[in-house]
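Listed here are the chains, written in short residue letters.
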Amino acid sequence: MNISDSERSSSPGVSPPGIVNILPDLIEQPQQPFDDDDHSGEIREYNGVFEGPEKTLEVVFRKIPGFEGNLTDDEASLSDSSANSGGSNAFHRRGLRTLPRADLNRICARARCTILSSVSNRYLDAYVLSESSLFVYPYMIVLKTCGTTTLLRCVATLIELGRKIGLEIDWLGYNRKNFNFPGDQMFPHGSFNQEMDYLYSHRNLCERLNGNGYTLGPVTSDHWFVFVADHTKRYVEDNDTDRVLNIMMFDIDQSVAQKFYYDKYKARIGPDETEEEATQRISMEQTKAAGIDNLVAGATIDPRAFEPCGYSMNAILFHSYSTMHITPEEGSSYASFETNQKLSSYTPLVSNVVRAFRPKRFVMTLMADEGGLVQLGSNPLFQGSASEAKIVVPLKSNSVTRSSVTSLSSLGIGNCATYKRSNIASIKVEDDACCMMGNWVLEENVDSEIACPNEAQQESHRARGLSVSNYYR
C-alpha cells in the first residue's frame, strides 16, 4: 500500500519536489521510560477506522541454571486459568503454563487488552483476547495484538514472571507489518526505531534483548518489520523445528465482510438464552457462514464475535495453533490467518484461506528455522519465476455476488481469482531464523490462457486446514 498523506504529514520536514517522504516508521521518536504508566498506553477513542494488522511478540524461555526454587512441574500447582472452556483441567502443566490467571491478566493489561475465553490441550493453552490472541506453551509465549495496543510494554512483566518460576528469556522475536494508520499508535509503537529503542531499554533486565531489526519489502508499499534477539540456544525439548505462516488480507470482499457484523444475526433465540450464550452462538454462526471451520478441520475451535463488528478465532491441534482476526469495516477491511502448523505443503491452505475472503491484495510472511525449511516440501512464497509467480484461486459460483467489491469480470475465467506476486524479500537473521515476505495483488484483467482448475483439481484444494494428514507432530 502506498504511504498515505497522513503518514507523510507525521514525518518532520518537507521532502524535495518529486520525493515522497516514505519512512514514518523509521523516524526517531522522543523516548519515555519503559515503566512510565502515566504517559504510555493511554486509551484513545475509536475514530471510525481500525488498525487490523497485528503486532506479534514471541518469547522463548529456558530454565535458569542452578535455580533451586519450584520449577512448577507439579500437577498440584495447576491453575484454572488455562482450563478448557466448559471442560476439565486435567492437563499436566509445566513452566509458563502454571502461571495463574492473575499473572496472565497482568501481561495483557500491560498491552491494553483482556482475556475473553480459552481452550487447552496437552501441549498449549490458547486465549482469545479483546484484541487478538495469546498462546502459552511450557517454555514459549506468543502474544498477538491489533489496533492501538501497546504490546511491547509487557516485556518487563514477562521477564519478572519468568524469573519467579525459574525461567529466563532465551530468544525474543517481534514483528509487524507497516501500519495503515501510524498516527493512531501509542508509545512505544510510534515507529520501528522507537520500538527497537524500547526493547533495548530492557537490557538492564535481560542482556539477551540486544538483538537486531530488519525491514523486508519495499518501503513504498507493504513491508514487514522484524526484530530478533537470539544469542543462545533455545530450550527445545525434542530438537523440534519451527515455522510460522501469516496471511494478511486487505480490502476483503464486502459480501464476506458483512458476515462479521453482529446485528446480522438474531440477538436472542429464546427467553432462556443468556447474553453470553447468544455471543457463543453468533460466534459459531459466523465461523460456519464464512467457512472458517473448514480451514481448521479437526482442531478445537474457540471463536468470538464482537459488537458491532469484528471476529477472532483460535484453533489448536496437537502442538500447533491457528488464529484468525477480522476487521470488516469498509475502508479498512482486513482478515489475517496465522498458523505454526507443520504441513508438508502450505499451498492448498493458502488457496483456501484466500478463496474464503477474496481480498484485493494480501501479504504473506513465513518465519522458519533452517530445519523447518528443509521439512517444507514447497514454499508458497517462492513458487514460479519473478514474472510468472501467480496464485490462481477457484471460487464457487454461489459464493460470488454482484454486491462483491471484486466484480465477476475481474475474477477470471471460470470464476477464478488470479493473484500476481508483485514483490518478494527474504533474509536470514541471527543464527538460523529465515524471514520471507511477499505481496500479492488481484489481477483485474486476467490472461484468457490461464485456465481455472477443473472440478477434480478444486476438490484437491478443498479445505484441509489442520487435518492430521501431511502434518508433522
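Residues numbered from 1 in each chain as written. Predicted model: local features only at pLDDT ≥ 70, side-chain atom pairs only at ≥ 80, totals over all residues. Heavy atoms only, no water.

Draft legend 1. Structural detail: the pattern of salt bridges. What the rule picks out here adds up to 17 salt bridges. The shortest N-O distance in the salt bridge between Asp103 and Lys164 comes to 2.6 Å. Taken as a pair, Asp103 in helix 2 (residues 101-110) and Lys164 in helix 3 (residues 155-164) lie far apart in primary sequence, 61 residues in all. With a relative accessible area of 7%, Asp103 lands in the buried category. Taken together, the shared-partner salt bridges in this structure form one network comprising Lys177, Asp222, Asp251 and Arg361. (Salt bridge = Lys/Arg side-chain N within 4 Å of Asp/Glu carboxyl O. Helix = DSSP H or I, 4+ residues; strand = E, 2+ residues; numbered from the N terminus. Buried < 20%, exposed > 50% of the residue type's maximum accessible area, 1.4 Å probe, protein only.)

Draft legend 2. Local environment of the packing of helix 2 against helix 3. It is at 10 Å that the axes of helix 2 and helix 3 come closest, and there the two elements cross at 165°. The pairing of helix 2 with helix 3 is recorded here as roughly antiparallel in orientation. In the packing of helix 2 onto helix 3, the handedness of the crossing is left-handed. Contact with helix 2, carried on its side by Asp103, Arg106, Ile107 and Arg110, involves Thr157, Leu158, Glu160, Leu161 and Lys164 of helix 3 and no other residues of that element. Classifying every residue of the contact of helix 2 with helix 3 by side-chain character gives three nonpolar, one polar and five charged. (Axes fitted to C-alpha atoms, helices over the stretch in contact; angles between N-to-C directions. Parallel < 35°, antiparallel > 145°, perpendicular 65-115°, else oblique. Left-handed = near helix turned anticlockwise from the far one by under 90°. Contact = heavy atoms within 4.5 Å. Nonpolar A, V, L, I, M, F, W, Y, C, P; charged D, E, K, R; others polar.)

Draft legend 3. The confidence of the model for the protein, seen in detail. Per-residue confidence for the protein gives a mean pLDDT of 77, with 70% of residues at or over 70. Contacts of residues 1-22 to residues separated by more than four positions or lying in other chains number 32 contacts, the stretch itself having pLDDT below 50. Predicted confidence is poor over residues 397-413, with pLDDT under 50, and the contacts of this stretch with residues over four places away or in other chains come to 35 contacts. (pLDDT = per-residue confidence, 0-100.)

Draft legend 4. How the structure looks around the environment of Tyr139. Its place among the elements puts Tyr139 in the loop between strand 4 (132-136) and strand 5 (140-145). Sequence separation between Tyr139 and Phe61 is 78 residues, and the spatial gap between their C-alpha atoms is 5.1 Å.

Draft legend 5. Layout of the packing of aromatic side chains. Throughout the structure, instances matching the rule amount to nine aromatic pairs. Relative to Tyr311, the ring of Phe260 has its centre 5.3 Å away and its plane inclined at 55°; by these criteria the two rings are tilted. With Phe260 in the loop between helix 5 (254-257) and helix 6 (275-289) and Tyr311 in strand 11 (residues 311-317), this residue pair connects regions lying 51 residues apart in the sequence. The exposure classification of Phe260 matches that of Tyr311, with both residues buried. Seen in terms of ring centroids, Phe260 and Phe357 are 6.3 Å apart; in terms of plane orientation they differ by 20°. Their pairing is stacked. Remark: Phe357 occurs in helix 8 (residues 347-357) and Phe260 occurs in the loop between helix 5 and helix 6; sequence separation between them is 97 residues. The rings of Phe260, Tyr311 and Phe357 are connected pair by pair, giving a single aromatic cluster. In this structure, Arg361 packs its charged tip against the face of Phe250, placed 4.3 Å from the ring centre. (Phe/Tyr/Trp six-rings, centres within 6.5 Å; stacked < 30°, edge-to-face > 60°. Lys NZ or Arg CZ within 6 Å of the ring centre and 35° of its normal.)

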